[in-house]
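# Close look at the chain arrangement
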Amino acid sequence: VTSSANITGGNILTGGLISAAGNITAANYIGSVRSINYVIDGGGVALTTGSKGYLYIDFACTINSVTMLADTTGSAVVDILTSTYSGFPTTSSIVANAKPTISNNTKSQDSTLTGWTKSIGAGTVLEFNVNSASTITRLTIDLKVTT
């Protein structure tokens, strides 16, 4: 690099050269890494099973990993379902048999996502459904995505 250049927006680029004018040439655009977060709060009591709400995603992305964090040691299994806006409220699971799971712990992480439908289109509705839970009163679900 023979001159200063600013790269903003969290874009990841591989290859490529930065010219004297600060232009990036011959680069492979990988995309921006973002997080989609959803908090399930039991209001001070252990989480119950069932649908805990919806989140509208207005940009296309690919899911790379899921992280769950709990306020106390316990267990939880969460299903993530999707729908198009026009098809809402009918939803279907995207996690196959690999539902995000915390087992007698305060955290879990999965970047393998075996069987998941990882592609999310712009205008998708996500639904978060607790299949089972014990002890945990607040749970944060973080989907790491690339746009």
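None of the values given here were measured: they were computed from a predicted structure. All residue numbers refer to positions counted from 1 along the written sequence of the respective chain. Only residues with pLDDT of at least 70 get local features here, since the model is predicted, and only at 80 or more are side-chain atom pairs given and counted; chain-wide, interface and lining totals rely on the full set of residues. To obtain the side-chain values, all non-hydrogen atoms of the structure were included, while hydrogens and water were left out.

### Considering the overall build of the protein
This is how the line gets drawn: Where helices and strands are cited, they refer to DSSP runs of H or I of at least four residues and of E of at least two residues respectively, numbered from the N terminus. To sort residues, take the accessible area from a 1.4 Å probe on protein chains only and compare it with the maximum for the residue type: under 20% means buried, over 50% means exposed, and anything in between is partly exposed. A contact between two residues is defined here by any heavy atoms of the two lying within 4.5 Å. Residue exposure ignores everything except the shown protein chains as possible cover, and the areas themselves are Shrake-Rupley values with a 1.4 Å probe.
Counting its secondary structure elements, the protein contains 0 helices and 9 strands. Listing every helix and strand of the protein by position from the N terminus yields β-β-β-β-β-β-β-β-β. Relative to its full complement of 147 residues, the protein shows a buried share of 33%. For the protein, restricting intrachain contacts to residue pairs at least 6 apart in sequence, the fraction spanning at least 24 positions comes to 73%. Just so you have it, the protein exposes about 8,000 Å², and 49% of that area is on carbon and sulfur atoms.

### Quick look at the nonpolar core
Formally: Only buried residues count toward a nonpolar core. Its members are Ala, Val, Leu, Ile, Met, Phe, Trp, Tyr and Cys residues joined through side-chain atoms within 4.5 Å.
Residues Ile63, Ile80, Trp116, Leu126, Leu139, Ile141 and Leu143 are the most contacted members of the largest nonpolar core, which totals 28 residues. Residue contacts for Ile80: discarding those within four places in its chain leaves Ser92, Ser93, Ile94, Val95, Pro100, Trp116, Leu126, Glu127, Phe128 and Leu143.

### Brief notes about the side chain of Ser83
Selection criterion: Polar contacts, as counted here, are pairs of nitrogen or oxygen atoms within 3.5 Å of one another; within protein the pair requires one atom able to donate a hydrogen and one able to accept it, and residues that are adjacent in sequence qualify only if both atoms are side-chain atoms.
Assignment of secondary structure puts Ser83 in strand 4 (residues 61-84). The class for Ser83 is buried, based on a relative accessible area of 7%. A polar atom in the side chain of Ser83 sits 3.1 Å from the backbone nitrogen of Phe88. Reaching out from Ser83, the side chain makes a polar contact with the backbone oxygen of Thr90 at a distance of 2.8 Å.

### A look at the packing of aromatic side chains
Which entries qualify depends on this criterion: Ring geometry is summarised as follows: Phe, Tyr and Trp rings, the Trp one being its six-membered ring, pair when their centres sit within 6.5 Å, and such pairs are stacked at plane angles under 30 degrees, edge-to-face over 60 and tilted between the two.
In total, this model carries 3 aromatic pairs according to the counting rule given. For the pair Tyr38 and Phe128, a centre-to-centre distance of 4.3 Å together with 10° between the ring planes defines the contact as stacked. Here Phe128 lies in strand 8 (residues 124-134) and Tyr38 lies in strand 2 (residues 24-41), a separation of 90 residues in the sequence. Residue Tyr38 is classed as buried on the basis of its relative accessible area of 12%. Seen from their ring centres, Tyr54 and Phe88 are 4.8 Å apart, and the 90° between their planes marks the pair as edge-to-face. Of this pair, Tyr54 sits in strand 3 (residues 50-57) while Phe88 sits in the loop between strand 4 and strand 5 (92-93); the two residues are 34 residues apart in sequence, bridging distant segments of the chain. Taking relative accessible area as the criterion, Phe88 reaches 34% and is therefore assigned partly exposed.

### Here we look at the side chain of Glu127
When you line up the elements, Glu127 lands in strand 8. Here Thr91 takes part through its side chain, which lies 2.7 Å from a polar atom of the side chain of Glu127. Ignoring any residue separated from it by four or fewer positions in sequence, one finds Glu127 in contact with Ser51, Gly53, Tyr54, Asp79, Ile80, Leu81 and Thr91.

### Some words on the confidence of the model for the protein
Caution applies to low-pLDDT parts of the model: their predicted coordinates are not meant to be read in detail. What counts is decided by this rule: A residue's pLDDT is simply how confident the predictor is in it, with values from 0 to 100.
Confidence in the prediction of the protein, expressed as mean pLDDT, is 87, and 80% of residues score 70 or more. In this model residues 1-13 is a low-confidence stretch, pLDDT under 50, and it forms 25 contacts with partners more than four residues away in sequence or in other chains.

### Focus on the environment of Leu113
Tracing the sequence through the fold places Leu113 in the loop between strand 6 (101-110) and strand 7 (119-120). Taking the relative accessible area as the measure of exposure, Leu113 reaches 2% and is therefore buried. In this structure the C-alpha to C-alpha distance between Leu113 and Ser65, which are 48 residues apart in sequence, comes to 6.9 Å. Beyond its immediate sequence surroundings of up to four residues, Leu113 is in contact with Ile63, Asn64, Ser65, Val66 and Lys118.

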